[in-house]
Amino acid sequence: MFDPHKVREDFPILKRKVNGHPLIYFDNAASTQKPRQVIDAEVNFYQNHNANVHRAVHSLSQEATELFEGARKTVSAFIGAKDTAEIIFTRGTTEAINLVAYSWGLRNLNAGDEVVLSLMEHHSNIVPWEIISKIAGFSIKYCNVHPDGTLDYADFESKINKHTKFVSLSHVSNVSGVVNDVKRIAKITHERGALMLVDGAQSVPHLPIDVTDLDVDFLAFSGHKMLGPTGIGALYGKKSLLETMEPWQGGGEMIKEVTYNAKSERCGTSWNDPPWKFEAGTPNIAGAVALAEAVKYLQKLGMLEVFLYEKMLTEYAESRLRSCCTKLELYGTTDPSLKCGIIPFGVAGLSSHDVALFLDNYGIMIRSGFHCAQPLHQVFKLQSSARASFYVYNTEAEVDRFVDVLKEMEQF
Amino acid sequence: MTTLDDYVAHIEGTCGAEKDVIVTFKYEKKQEAIANILKKATLKNNLSGIIYELTFEGNSFRLYGSGKAIFRSIKNRQELDRILSALLLS
């Protein structure tokens with residue numbers, strides 16, 4: 001039985017007060033809090049095992065390497081990858097998408113080619129493609145989103161054609177919480193001979209994920225949104241693809257050899273194997289080790305249980321908001337079968353920032369603004385939105401408090 | 001001499017189409033800042049000392065008990081500094 005009260009005991013920050021009130025943290029789509037186990041793992045690394053990884057022969061480096069490569073194995077198993085070489089550690093989702101855009105996109109996309117994105121994407125899955133399209137000359141098509149925030153699958157099918165070389169879509173919208181059927185999208189994409197990247201920033205922390213079953217080519221996600229530290233994330237890529245891709249950053253670790261040719265007065269280079277070919281420079285070793293601890297924590301809770309608990313909490317919150325708050329509007333679909341733990345909303349007569357600042361007075365942290373997804377706000381015809389997003393340590397009592405404060409705000 | 005820097009921790013444009021500006025007052029000076037502002041600005045609405053709807057020289061803004069204020073339709077940073085100086089310093 002999933003017990004959020006037991007979970008909460010592992011999160012030191014949840015014991016603090018903000019503005020004189022107990023902290024209620026509903027900004028989990030932006031970043032999550034860290035359990036003691038993750039904090040301890042990072043501290044333990046620096047206190048007992050810190051050294052650079054790979055190549056050094058001394059004992060401490062071997063310990064650090066074992067922990068780092070062990071973390072890769074843990075992350076790999078968590079998402080159902082077939083091979084640990086398919087996991088590249090990055091700074092987060094943004095860097096992972098940029099890696100694919102620059103490494104695969106710049107070398108494989110040309111004038112006449114098309115990339116398909118959607119209007120529900122986070123800016124990090126729009127901007128890299130827009131930047132490199134200006135360099136490589138390919139076109140971008142944006143798949144429409146219905147007014148309720150769900151993906152227009154018919155429009156998607158109409159936009160994917162013989163010119164489409166790449167599809168990059170979010171698994172879960174960071175604004176509406178809508179879950180896209182990426183297995184279906186991947187199937188269509190592959191039938192048309194294109195490749196597919198999934199932005200898993202909002203799905204990997206909240207849903208059971210099996211990349212082999214989904215059959216996606218790339219999956220990008222961030223550690224800090226799944227109880228891990230900031231500055232660490234991962235890119236999953238099919239090994240056969242990673243082997244054909246060129247590195248996007250040069251430096252130590254990613255090369256096999258750098259040899260100076262006296263005749264040509266140049267250096268020749270040969271690349272390391274994946275995943276190290278894409279991990280130039282000293283990686284965030286402690287971050288990777290702590291991310292693995294976060295993964296183990298989630299595995300212990302069970303990802304299906306995590307998903308079902310958040311779903312229950314979201315349904316409870318939406319139902320309380322609908323019945324108690326007269327000036328409040330919920331944006332996007334409220335069909336629980338189509339979404340997970342994110343609630344975008346507004347209060348008549350108040351901007352999203354007013355709402356967030358009012359709640360902040362009571363120690364309740366929510367997000368306001370575009371949430372780095374301005375095109376979706378254009379679809380919703382909104383200036384901005386307030387967003388409450390849940391995770392494993394949130395409770396019904398916190399939702400009740402949230403609703404009570406919103407009711408008070410409606411008197412303004 | 002007291003300056004805006006003595007009161008203001010940071011000023012940030014909001015993320016959203018509204019183009020509002022959020023002013024966060026320094027924690028140790030927030031009560032003084034709120035008191036100064038309430039003395040100078042005209043109160044339009046107030047909820048439990050948590051949120052105040054105010055106007056000053058034709059500019060409407062909201063002030064929060066946590067020590068933050070949202071200003072709307074401010075032309076530029078110079079305009080905001082001028083208003084803040086008038087509210088906090090003079």
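Here the structure is a predicted model, which is why all the values come from computation and not from measurement.

About the thresholds
- Residues numbered from 1 in each chain as written.
- Chains lettered and ligands numbered in written order.
- Predicted model: local features only at pLDDT ≥ 70, side-chain atom pairs only at ≥ 80, totals over all residues.
- Helix = DSSP H or I, 4+ residues; strand = E, 2+ residues; numbered from the N terminus.
- Rg over C-alpha atoms; globule rule 2.2 N^0.38 Å.
- Buried ≥ 20, exposed ≤ 12 C-beta atoms within 10 Å, placed from the backbone.
- Contact = placed C-beta atoms within 7 Å.
- Pairing = 2+ DSSP bridges.
- Axes fitted to C-alpha atoms, helices over the stretch in contact; angles between N-to-C directions.
- Nonpolar A, V, L, I, M, F, W, Y, C, P; charged D, E, K, R; others polar.
- Domains from an automatic or database assignment.
- pLDDT = per-residue confidence, 0-100.
- Parallel < 35°, antiparallel > 145°, perpendicular 65-115°, else oblique.
- Left-handed = near helix turned anticlockwise from the far one by under 90°.

The subject of this paragraph is the overall build of chain B. A tally of regular secondary structure across chain B gives three helices and six strands. For chain B, the sequential pattern of α-helices and β-strands runs α-β-β-α-β-β-β-β-α. In summary, chain B has a C-alpha radius of gyration of 12 Å against a globular reference of 12 Å for 90 residues, a match within 12%. By principal-axis analysis of the C-alpha atoms, chain B measures approximately 35 × 30 × 25 Å. Per-residue burial over chain B gives 31% buried out of 90 residues. The contacts of chain B with a sequence gap of at least 6 include a subset with a gap of at least 24, amounting to 42%.

The subject of this paragraph is the sheet that holds strand β7 (residues 164–170) of chain A. Residues and elements named next belong to chain A. On the basis of which strands lie adjacent, the open sheet formed by seven strands has the order β4-β10-β9-β8-β7-β5-β6 and mixed pairing. The open sheet has two edge strands, β4 (87–90) and β6 (139–143), and neither has a second partner. If you compare each strand with its neighbour and ignore which way they point, the axes differ by 20° on average. In terms of strand pairing, strand β5 (residues 114–118) meets β6 through five bridges, oriented parallel. Looking at the pairing, Val 115 lines up with Ile 140 of β6. Contacting β5, β6 and β7, helix α5 (residues 127–136) crosses the sheet at an angle of about 150° to β6.

Another point: the interface of chain B and chain A. Each partner contributes to the interface: chain B provides 17 residues, whereas chain A provides 15 residues. For the side of chain B that touches chain A, the secondary-structure elements that each account for two or more residues are β3 (42–47), β5 (59–64) and β6 (68–71) of chain B. Among the residues making up the side of chain B that touches chain A, the classes are represented as eight nonpolar, five polar and four charged.

Our focus in this paragraph is the domain arrangement of chain A. All names here are of chain A. What the domain assignment reports for chain A is domain 1 (4–30 + 302–409) and domain 2 (38–299). Relative placement of domain 1 and domain 2: their C-alpha centres are 28 Å apart. Among the elements of the structure, α11 (303–324), β14 (342–347), α13 (374–380) and β17 (385–389) are those that each provide at least two residues to the side of domain 1 that touches domain 2. If you tally residues by element for the side of domain 1 that touches domain 2, the top one is α11, at five residues. Broken down by class, the residue content of the side of domain 1 that touches domain 2 amounts to 15 nonpolar, five polar and three charged.

What follows deals with the sheet that holds strand β16 (residues 367–369) of chain A. Residues and elements named next belong to chain A. Strand order in this open sheet of four strands is β13-β14-β17-β16, and the pairing throughout is antiparallel. Each edge of the open sheet carries a strand with a single partner, namely β13 (328–330) and β16. For this sheet, the mean inter-axis angle between neighbouring strands, taken without regard to orientation, is 30°. Pairing of β13 with β14 involves three bridges; the strand directions are antiparallel. Residue pairing in the sheet places Leu 330 in a bridge with Phe 345 of β14.

Residue and element names in this part refer to chain B. Per-residue confidence for chain B averages 92 on the pLDDT scale, and 100% of its residues sit at or above 70. Model confidence for chain B, summarised as mean pLDDT per element, is weakest for β3 at 92 and strongest for helix α2 (residues 30–40) at 95. The complex prediction reports pTM at 0.94, with the ipTM value standing at 0.86.

All names here are of chain A. Orientation of helix α3 (residues 59–78) relative to helix α10 (residues 285–301), taken along the N-to-C sense of each, is 40°, at an axis distance of 8 Å. One finds that α3 runs oblique with respect to α10. Considering how the two elements wind past one another, α3 and α10 form a crossing that is left-handed. Contacts between α3 and α10 involve Ala 64, Leu 67, Phe 68, Gly 70, Ala 71, Thr 74, Val 75 and Phe 78 from the first element and Ile 285, Ala 288, Val 289, Leu 291, Ala 292, Val 295, Lys 296 and Gln 299 from the second. Per-class residue counts for the contact of α3 with α10 are twelve nonpolar, three polar and one charged.

All names here are of chain A. Inspection of the secondary structure assignment puts Val 258 in strand β11 (residues 255–261). Looking at Val 258, the number of C-beta atoms within 10 Å reads 11, which means it is exposed. Taking the C-alpha atoms as reference points, Val 258 and Gly 268, ten residues apart in sequence, are found 5.6 Å from one another. Residues in contact with Val 258, not counting those within four places in the same chain, are Cys 267 and Thr 269.

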